[in-house]
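What follows is the residue order along each chain.
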Amino acid sequence: AVEREGMECPGMGEVLLLPGYYSAVNLSVFRCRNTLRCPGGVPGDTCAGGREGVACSSCAIGMVSKRTGECEPCGPQSRLPFVASCVCAVLGCIGLYVVFERSDQTQPSYVSLLIAISVGLLIGMMQQLSVLGMLDVDYPEPLRTFLRIVKIFSFDVEEFLSLQCVGNLSAIALFSSKVSMIAFFAVLTMAIHAVIVITRHGWRFKERKPVLISMLGALGTAFYTSITVTVLQPFQCVLNPNGKWTVSEYEGMVCWSPAEDPDHGAMVAVALVAFILPVSVLASTIILVRRLPAALRNTDLDFLRAFGFLFFRFRPQMHWYLLVILFRSFFVGVVPVVPSATGQIYLLQIAMVASLAVAVQMRPWRVSWLNRLDVVFGSMILQLLLVASLVNEASAQHAEIVGWFCLLAVLLAASMPIVVVLFNMLRRGGEVMKSYQFYLCHSKAESGAFARWLKLELLDRPQVSKAVFLDSDSLEPVHKLLGYVAHDVDTFVVLGTKSVYYKVWCVGEMCM
């Protein structure tokens, strides 16, 4: 018998395809990422029921994909998931808008801070898991199924929503719908904003603009990994046994071959235009982080209300840490473009190790427990990357055991935000992580010596367990002083001499 990758040739002119491979009668073999779609057999007749096209990638017209890999005819209820998802999206955006409208981005409460950071960390981990599901790795069950499910966080929803029953969509139409989904949520948010401002706030659009900016910015930064990885999908190509490259998420589309598949060029053009969005988000965030010191010096409350979502989660010294998160997310989103599973795993390990090292060293989050949660999530991703690098070395039985252990570990980590939130809300004394117990605001000319004596007296008290801030001992830039007052101080003390109320910076500190 003669064998090549994907084929078995027992002799006597008989050629059979192995499960997980597809070929037309010309014996040009393509690899199928979903083995259920390609059960193997005689070339030209190797697709599961109802499937067609290269790598059995699509269902016939009027049919929808099943979990078994086959396709079934669209029924009367096939459009319900799409309709229900649209309704839920509208209601969810309305609810989220109300939350942003009622929250104070400059002085968030402990509970809102705890929940916001926990949810953000969980969403970030789920997006990283969806990227792991895109790697060219044969994960063991049931981890493989779980990673396929969480790909919904990278807008991979065509099967979940039965989009083929909504309309007969080609690969480029499906990709364009994913990209349009991002624009849809932005337009929906602006429409909700307009309706609420007109009906509840008397057309005062300028006054309510910070709410709209906060919500759009928070959604853009929270799902930054998904946005990046989605717009780059046309560049995520994998090599097949016949030497041809196909798009990983659209297996029926051949890469970089205009004669064989001209639609790929059109998809690349759409991706290049859409790529402006993640680049713009990153560039805008860099500019806003650089503008923060001036905004604090000038007590620009409009700036803080509109863009406080970028900074309120972090300790004042770490106001720039969102850039670390966005650069990591951008890097993780670009990694699937690398045409090598080994290279993808190696690059992701570098990104996660570097991110973990910074998180452990800097402890950026304002709630101390969430710094630990961030480390747990990062460690979980590193564990799965280790499994991905070793999965081919394990036997089928051992691989399944590893798959179950990994799935249980992921589910345990995903449940930790709930445990952390409940624990911190129920225990007495749960507080935002702050560095200073007292901040002494004073006029040096009138009460400098008294402020020095008061600091020494406070530090001698056993009830004072943290630092006491006196600006003469900490020659920080003015914008950092205002940041400390706003976010890093338990008790703000004003030594009320006559001139303290006329000093510009003292008044600025009082306003924070």
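See the structure above.
Residues numbered from 1 in each chain as written. Predicted model: local features only at pLDDT ≥ 70, side-chain atom pairs only at ≥ 80, totals over all residues. Heavy atoms only, no water.

Undergrad: Which residues make up the packing of helix α2 (residues 110-134) against helix α3 (residues 143-150), and what are the values?
TA: Contact pair α2 / α3: the axes reach a minimum separation of 8 Å and the direction vectors enclose 120 degrees. Classed by the angle they form, the pair α2 and α3 counts as oblique. Of the two elements, α2 crosses α3, and the hand of that crossing is left-handed. Here Met126, Leu129, Ser130 and Gly133 of α2 lie close against α3, whose contacting residues are Phe146, Leu147 and Val150. Among the residues forming the contact of α2 with α3, the class breakdown is 5 nonpolar, 2 polar and no charged. (Axes fitted to C-alpha atoms, helices over the stretch in contact; angles between N-to-C directions. Helix = DSSP H or I, 4+ residues; strand = E, 2+ residues; numbered from the N terminus. Parallel < 35°, antiparallel > 145°, perpendicular 65-115°, else oblique. Left-handed = near helix turned anticlockwise from the far one by under 90°. Contact = heavy atoms within 4.5 Å. Nonpolar A, V, L, I, M, F, W, Y, C, P; charged D, E, K, R; others polar.)

Undergrad: With reference to specific residues and values, describe the nonpolar core.
TA: Counting 78 residues, the largest nonpolar core has Leu129, Leu132 and Leu370 as its most contacted members. Sort the elements by how many residues they give to this core and α2 lands first, with 11 residues. When neighbours within four sequence positions are excluded, leucine 370 is seen to be in contact with Leu114, Ile117, Ser118, Leu121, Trp365 and Val420. Counting 16 residues, the second-largest nonpolar core is a separate cluster that includes Leu174, Val179, Val231 and Tyr250. (Core = buried A, V, L, I, M, F, W, Y, C linked by side-chain atoms within 4.5 Å. Buried < 20%, exposed > 50% of the residue type's maximum accessible area, 1.4 Å probe, protein only.)

Undergrad: Lay out empty space enclosed by the protein with the relevant residues and their values.
TA: One pass over the structure, following the stated rule, counts 2 cavities of 30 Å³ or more. Lining the largest cavity are Arg31, Cys32, Arg33, Asp136, Val238, Asn240, Thr246 and Glu251. Residues of the lining of the largest cavity, tallied by class, amount to 2 nonpolar, 2 polar and 4 charged. For the second largest cavity, the calculated volume is near 30 Å³. Along its surface, the second largest cavity is lined by Gln128, Leu132, Val332, Leu348, Met352 and Ile381. (1 Å grid on protein atoms, 1.4 Å probe; cavity = no way out; pocket = protein on both sides within 12 Å on 5 of 7 lines; lining within 4 Å. Points joined across faces, edges and corners; volume = space filled by probe spheres on them.)

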